[in-house]
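# Analysis of the macromolecular model
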Amino acid sequence: MKVCVIGTGYVGLVTGVCLSHIGHEVVCIDNNEQKVKLMQSGRSPIYEPGLSELMQSSMDSGRLTFTTDLAMGVNHGEILFIAVGTPALPTGESDTRYVEAVARGIGEHLPTDAYKVIVNKSTVPIGSGDWVRMIILDGVKEKGGDPTVVQFDVVSNPEFLREGSAIQDTFNTDRIVLGSSNDKAIALMKELYAPLVGGKFSDEGTPTPIPVVETDLNSAEMIKYAANAFLATKISFINEVANVCDRVGADVLQVAKGIGLDSRIGKKFLQAGLGWGGSCFPKDVAALIHTAEDYGYHSQILEAAVEVNKRQKLIVLEKLQQELKILKGKTIGLLGLTFKPDTDDMRDAPSIKLIAELNRLGARVKAYDPIVSPNGISHGLTGVIIESSPEMLADDCDALVLVTDWAEFQDLDFGALANRLHNRLIIDGRNFLDKDKLTELGFRYVGVGH
Ligand code: NAD
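Computed from a predicted structure; not experimentally measured. (Residues numbered from 1 in each chain as written. Predicted model: local features only at pLDDT ≥ 70, side-chain atom pairs only at ≥ 80, totals over all residues. Heavy atoms only, no water.)

Another point: the pattern of salt bridges. One pass over the full model with this rule turns up 19 salt bridges. For Arg 104, the salt bridge goes to Glu 100, with nearest N and O atoms at 3.0 Å. Taken together, the residues Arg 104 and Glu 100, both in helix α5 (residues 97-109) and 4 residues apart, mark about one turn of the helix. Given the relative accessible area of 27%, Glu 100 is considered partly exposed. The shortest N-O distance in the salt bridge between Asp 345 and Arg 347 comes to 3.1 Å. Asp 345 gets classed as buried once you look at its relative accessible area, which sits at 3%. Linked through salt bridges whose partners overlap, the residues forming this network are Glu 100, Arg 104 and Glu 142. (Salt bridge = Lys/Arg side-chain N within 4 Å of Asp/Glu carboxyl O. Helix = DSSP H or I, 4+ residues; strand = E, 2+ residues; numbered from the N terminus. Buried < 20%, exposed > 50% of the residue type's maximum accessible area, 1.4 Å probe, protein only.)

This is the structure in structure tokens:
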């Protein structure tokens, strides 16, 4: 099928690459010319395991192209994905201006002789399906077109991929959600996803069919927010348990194992640590709280999940102060900066707040991250010296803090690092390192509820 994906960030690019890999002819559009030039030359503007290789093979097959030309993309695609960002406004509300610009642009270029399915892949506030329809029709009118003759329907198809395993998640997704009241649009979406639904692109041995959940538009949009709000709340819950563990002398790792084996609870998202961040949870939880308020409902559980998370981001400070007392004049080394491993995404990473607070308290902050290079300034980072190796990071530090659980940090030669440190203190903000081994090496190890 002919597909157009508008917005080539973490979601749009992965969607475009994966859809072309399963056999569709995909045109990816972005209004960032530099990005498009980079992609046209076969390079991915983001770091995502396996993405560059898959992108290259799809381009070689001739099924994947990149352009800034929206008119061309709208003409090409029978299915048009909107996959632009929806960041949070200071009020918590979702900023839908990019979706609006794209919807208007689609309307301006919509042909009168072809039916199109417009898909909201971006996470958009509940009710956006009808709103996008309205904006598209405005675009048609603004170009002097006749809104009664264009043929299109809007479908909500929320995305559940996780950065760091986005390709795998796309091919092995737990479900595909399609929200629309229009049978023709749903049928085309099912045809699009048919190669995936059979499970043959899954790497999990025997292909397992992927469930397709058909809903109305509003419910599909709500599914996305409810899923993220639940997962964020689950993390805040275990962090709260960890904080009590710290006080009563229990170990949250053992507690998480003990409760996670209960199938009603499940093992995932029970890792205590520095709290949730990234480009989705904070803004999606804030947007759901905001929507609830708009409709006269105060969401107490979600407010509490956010509050716990705010406090959790600073738990490292408390632990550093307990161990080192005065932080002014001390050097703190951060292992990891990105909000989670295997991504270069720094949006709402807990490290940002931590760096700011350490600076405020007069500490010098250094960091090493496998993906954030010393010119990490391009990631908007200030108040931190970015070192190019763990060894250089260790030099003269009064404490190391593990912020991101990159796998390679488990294999670091902590014996060698210990000799370069000023003080053998490690705060493991993700309960990720080998406590016994570090203790044997003479480190004072401090985990989170562990
Ligand atoms: P992103 O910021 O990485 O990418 C957005 C892209 O859209 C950018 O490349 C930008 O240049 C482009 N863009 C903006 N305006 C445009 C326009 N008018 N025309 C063409 N391109 C335009 O965003 P993302 O992380 O991929 O997120 C996209 C959406 O998917 C958001 O709504 C997000 O909430 C949702 N989502 C994200 C994830 C994730 O892990 N990142 C997961 C699920 C859902």
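From this point on, the discussion continues.
In this section: empty space enclosed by the protein. Throughout the structure, instances matching the rule amount to 1 cavity of 30 Å³ or more. Of the volumes computed, that of the largest cavity is approximately 40 Å³. What lines the largest cavity is simply Asn 120, Ser 122, Thr 123, Val 124, Ser 156, Pro 158, Ala 220, Glu 221 and Lys 224. Looking at the lining of the largest cavity element by element, the count peaks at 3 residues for helix α9 (residues 217-248). (1 Å grid on protein atoms, 1.4 Å probe; cavity = no way out; pocket = protein on both sides within 12 Å on 5 of 7 lines; lining within 4 Å. Points joined across faces, edges and corners; volume = space filled by probe spheres on them.)

So, about the domain arrangement of the chain. Per the domain assignment, the segments of the chain are domain 1 (2-215), domain 2 (225-311) and domain 3 (313-446). Taking only C-alpha atoms into account, the centre of domain 1 sits 38 Å from that of domain 3. Taken together, the contacts link 8 residues of domain 1 with 9 residues of domain 3. Of the roughly 650 Å² buried at the junction of domain 1 and domain 3 (both faces included), carbon and sulfur atoms supply 45%. Area buried by domain 1 at its contact with domain 3 is led by Tyr 10, Tyr 47 and Glu 163, which between them contribute 79% of it. In this assembly, domain 1 and domain 3 are joined by 1 salt bridge. Residues Glu 163 and Arg 347 are paired through a salt bridge, measuring 3.8 Å at the closest nitrogen-oxygen approach. Partitioned by chemical class, the residues of the side of domain 1 that touches domain 3 number 5 nonpolar, 1 polar and 2 charged. (Domains from an automatic or database assignment. Contact = heavy atoms within 4.5 Å. Buried area = accessible area lost by both parts, 1.4 Å probe. Nonpolar A, V, L, I, M, F, W, Y, C, P; charged D, E, K, R; others polar.)

Below, the discussion takes up the environment of Lys 143. Along the chain, Lys 143 falls in the loop between α6 (128-142) and β6 (151-156). On the basis of relative accessibility, which here comes to 55%, the residue Lys 143 falls in the exposed class.

Another point: the nonpolar core. Residues Phe 66, Ile 79, Phe 81, Val 117, Met 189, Leu 192 and Tyr 193 are the most contacted members of the largest nonpolar core, which totals 42 residues. Among the elements that make up this core, the one with the highest residue count is helix α8 (residues 183-197) (7 residues). Not counting residues within four places of it along the chain, the set of residues in contact with Tyr 193 comprises Leu 19, Phe 81, Lys 121, Asn 157, Ile 176 and Leu 178. Formed by 37 residues, the second largest nonpolar core is a distinct cluster that contains Ala 256, Leu 274, Leu 337 and Val 401. (Core = buried A, V, L, I, M, F, W, Y, C linked by side-chain atoms within 4.5 Å.)

This part covers the site of the ligand. Neighbouring residues of the ligand: 26 residues in total, closest Asp 30, Lys 35, Thr 86, Glu 163 and Lys 283. Between the ligand and Tyr 10, the relevant distance is 3.0 Å, taken from an oxygen atom to a main-chain nitrogen or oxygen of the residue. The backbone of Asn 31 places a nitrogen or oxygen atom 3.3 Å from a nitrogen atom of the ligand. Calculation on the ligand without its partners gives an accessible area of 830 Å², and the protein chains cover 88% of this total. For the shell around the ligand, the secondary-structure elements that each account for two or more residues are α1 (10-21) and α5. The class makeup of the residues in the shell around the ligand is 9 nonpolar, 10 polar and 7 charged. Both domain 1 (2-215) and domain 2 (225-311) contribute no fewer than three residues apiece to the shell around the ligand. (Near = heavy atom within 4 Å. Polar contact = N/O pair within 3.5 Å; in protein donor to acceptor, adjacent residues only side chain to side chain. Areas by Shrake-Rupley, 256 points an atom, 1.4 Å probe, with all protein chains shown as cover.)

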